[in-house]
Amino acid sequence: MSLWIWLLGALAAIAALAWIGLWAARRLSGNAPRYRDMSYGVAFGYALALAAVAAGVWLWMKPGAVYFRWAVMGFAVCAVAAFLFRLAGRHLGPERLKRQFRKMPLTAAFGILVILIYAFVAIFAAWIAPHGQEAVLGAANVVPGGDPAMGGDPAFPLGTDRIGRDILSRLIYGAQNTVGLAFATTLLAFFLGGSLGLLAAVVGGWLDQVLSRGVDVLMAIPSLIFALLLLTIASVWADGARGLLTFYMVLIIAVIDSTRVFRLARSVGIGIVVMDYVEAAKLRGEGMGHLVFREILPNAMAPLLAEFGLRFCFVFLTIASLSFLGVGIQPPLADWGTMVRDLAQFIKFAAFAPMVALAPLLPALAIAILTVGVNFVVDWMLHRASGLKS
């Protein structure tokens, strides 16, 4: 109850600050138009932002707020890196690419930089990682930080897990496994859902009804529960073959996610198939392949590409969730979801050794950064496709 009273008191104080600030600004500026026309809601937003900055400074000064200081410094590093990347893109490369970087917001530059870094790490994981993802190095539960006084080892800057595998190496290989499988799964989902959705839009009739009602049935079942049920059955079919179980996981998630792609592709296709140029192609006697790949697909590419980014995020998070629950990517393959579960015991040291508790937070942070970066790029693509001007 005291927490709610404290929150209500803080909101009342911010509301009073907004009213007093707006009144003072109008009086001191001689009722300038900028402040005269300012609504109370805008003034409340400024007061709320000021209160958030003050709270951030107060929290920064507290001795125990180590993670908050690291988060602020990480945010600053990401902002500077995105700014430098966008600045380099505006002055390097072909002119067409320079124009895109000049129009690009800082969030999109950050997203593209994140995607490029993750792709580089995933492709060259075998050369970047200091050890193999399956290598058991003998020293188990070495804490992160490399401080021998705390139980660390300079040879393992991020420590080792409970059976002695290097966390840094498995974090690097996790990009290859988690991101690579998510990308392959999303491609398969788009091939299935996109082709069937456009086919339903072009053909229509009974085929459209059969496919649409089947998709409705699949979408009525919660996707994570459905995936868990099917993976439980698939684990029996795999009979201990980990590679086969991973293949079943990719296939199951792709089929479940293809239903969302089908709905979008069908909706966009129905809007395009009635256009004059499609009707003209039909009158010319063009076949189904020409209508889909030459007339409809190029005009549906913008929303489908944006949906691809969103689907990739959902598939990526689904695979990480399934791995966290123990039915996703199987060991000894490194996976960020599995790493969060296996390293959770280090959280208990957060109170007196913040660096030690970073072990399970790093794979979770890797998942979060990629998800945010891809969403930034998708937002920018949707803004460009809409034709709106900044």
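The text that follows walks through the structure, step by step, so that each part is easy to find. (Residues numbered from 1 in each chain as written. Predicted model: local features only at pLDDT ≥ 70, side-chain atom pairs only at ≥ 80, totals over all residues. Heavy atoms only, no water.)

### Overview of the layout of surface pockets
Next up, step 1: Taken as a whole, the largest pocket holds about 1,100 Å³ of empty space.
Next up, step 2: Taken together, 33 residues make up the lining of the largest pocket; nearest its centre are Gly74, Cys78, Phe110, Leu365 and Ile369.
Next up, step 3: Secondary structure elements with two or more residues in the lining of the largest pocket: α4 (66–91), α6 (106–123), α8 (167–203) and α15 (358–386).
Next up, step 4: A per-element tally of the lining of the largest pocket places α4 first, with eleven residues.
Next up, step 5: Residues of the lining of the largest pocket, tallied by class, amount to 31 nonpolar, two polar and no charged.
Next up, step 6: Taken as a whole, the second largest pocket spans an internal volume of roughly 510 Å³. (1 Å grid on protein atoms, 1.4 Å probe; cavity = no way out; pocket = protein on both sides within 12 Å on 5 of 7 lines; lining within 4 Å. Points joined across faces, edges and corners; volume = space filled by probe spheres on them. Helix = DSSP H or I, 4+ residues; strand = E, 2+ residues; numbered from the N terminus. Nonpolar A, V, L, I, M, F, W, Y, C, P; charged D, E, K, R; others polar.)

### Section: the packing of aromatic side chains
Next up, step 1: Inspection of the entire model under this criterion finds ten aromatic pairs.
Next up, step 2: Judged by centre distance (6.1 Å) and plane angle (50°), the ring pair of phenylalanine 247 and tyrosine 248 falls under tilted.
Next up, step 3: Here phenylalanine 247 falls in the partly exposed class, since its relative accessible area comes to 49%.
Next up, step 4: Centre to centre, the rings of phenylalanine 312 and phenylalanine 316 are 6.0 Å apart; their planes meet at 15°, and the pair counts as stacked. Taken together, the residues span about one helical turn, with phenylalanine 312 and phenylalanine 316 both in helix α13 (residues 288–324) at a distance of four residues. For the pair formed by phenylalanine 312 and phenylalanine 316, the shared burial category is buried.
Next up, step 5: Linked through ring pairs, Tyr118, Phe312, Phe316 and Trp336 together constitute an aromatic cluster. (Phe/Tyr/Trp six-rings, centres within 6.5 Å; stacked < 30°, edge-to-face > 60°. Buried < 20%, exposed > 50% of the residue type's maximum accessible area, 1.4 Å probe, protein only.)

### Some points on the nonpolar core
Next up, step 1: Core analysis: the biggest nonpolar cluster contains 50 residues, and Tyr118, Val179, Met249, Phe316, Ile319, Trp336 and Leu370 have the highest contact counts within it.
Next up, step 2: Where this core is concerned, the elements lending two or more residues are α6, α8, α10 (223–238), α11 (242–273), α13, α14 (336–342) and α15.
Next up, step 3: With eight residues, α13 is the single largest residue contributor to this core.
Next up, step 4: Setting aside residues up to four positions removed in sequence, valine 179 forms contacts with Tyr118, Gly174, Phe312, Phe316, Trp336 and Leu370.
Next up, step 5: Ranked by size, the runner-up nonpolar core spans 16 residues in total, among them Phe190, Leu198, Ala265 and Val273. (Core = buried A, V, L, I, M, F, W, Y, C linked by side-chain atoms within 4.5 Å. Contact = heavy atoms within 4.5 Å.)

### Let's talk about the packing of helix α3 (residues 40–61) against α4
Next up, step 1: One can describe the packing of α3 onto α4 by two numbers: an axis separation of 8 Å at closest approach and a directional angle of 120°. Taken together, the axes of α3 and α4 lie oblique to each other. Where α3 crosses over α4, the two elements pack in a sense that is left-handed. From α3, Gly56, Leu59 and Trp60 reach across to α4, where they touch Phe68, Arg69, Val72 and Met73.
Next up, step 2: Here the residues of the contact of α3 with α4 sort into five nonpolar, one polar and one charged. (Axes fitted to C-alpha atoms, helices over the stretch in contact; angles between N-to-C directions. Parallel < 35°, antiparallel > 145°, perpendicular 65-115°, else oblique. Left-handed = near helix turned anticlockwise from the far one by under 90°.)

### Regarding a nonpolar patch on the surface
Next up, step 1: Together, Val53, Val57, Trp60, Met61, Tyr67, Trp70, Val72, Met73, Ile347, Met355 and Leu361 make up a nonpolar patch on the protein surface, roughly 960 Å² of accessible area in all.
Next up, step 2: Where the nonpolar patch is concerned, the elements lending two or more residues are α3 and α4.
Next up, step 3: Looking at the secondary structure, you find methionine 355 in the loop between α14 and α15.
Next up, step 4: Classification of methionine 355 by relative accessible area gives partly exposed; the value is 38%. (Patch = residues over 30% accessible without salt bridge, like charges linked within 9 Å, V, L, I, M, F, W, Y side chains within 5 Å. Areas by Shrake-Rupley, 256 points an atom, 1.4 Å probe, with all protein chains shown as cover. Salt bridge = Lys/Arg side-chain N within 4 Å of Asp/Glu carboxyl O.)

### Some words on the side chain of aspartate 166
Next up, step 1: With respect to the element layout, aspartate 166 can be found in the loop between α7 (125–128) and α8.
Next up, step 2: Look at aspartate 166: it is buried, it has no salt bridge, and the nearest opposite charge is arginine 170 at 9.2 Å.
Next up, step 3: Apart from the residues lying within four places of it in its own chain, the contact partners of aspartate 166 are Pro130, His131, Ala135, Leu137, Phe156, Gly159 and Thr160. (Lys, Arg positive; Asp, Glu negative; His and termini not counted.)

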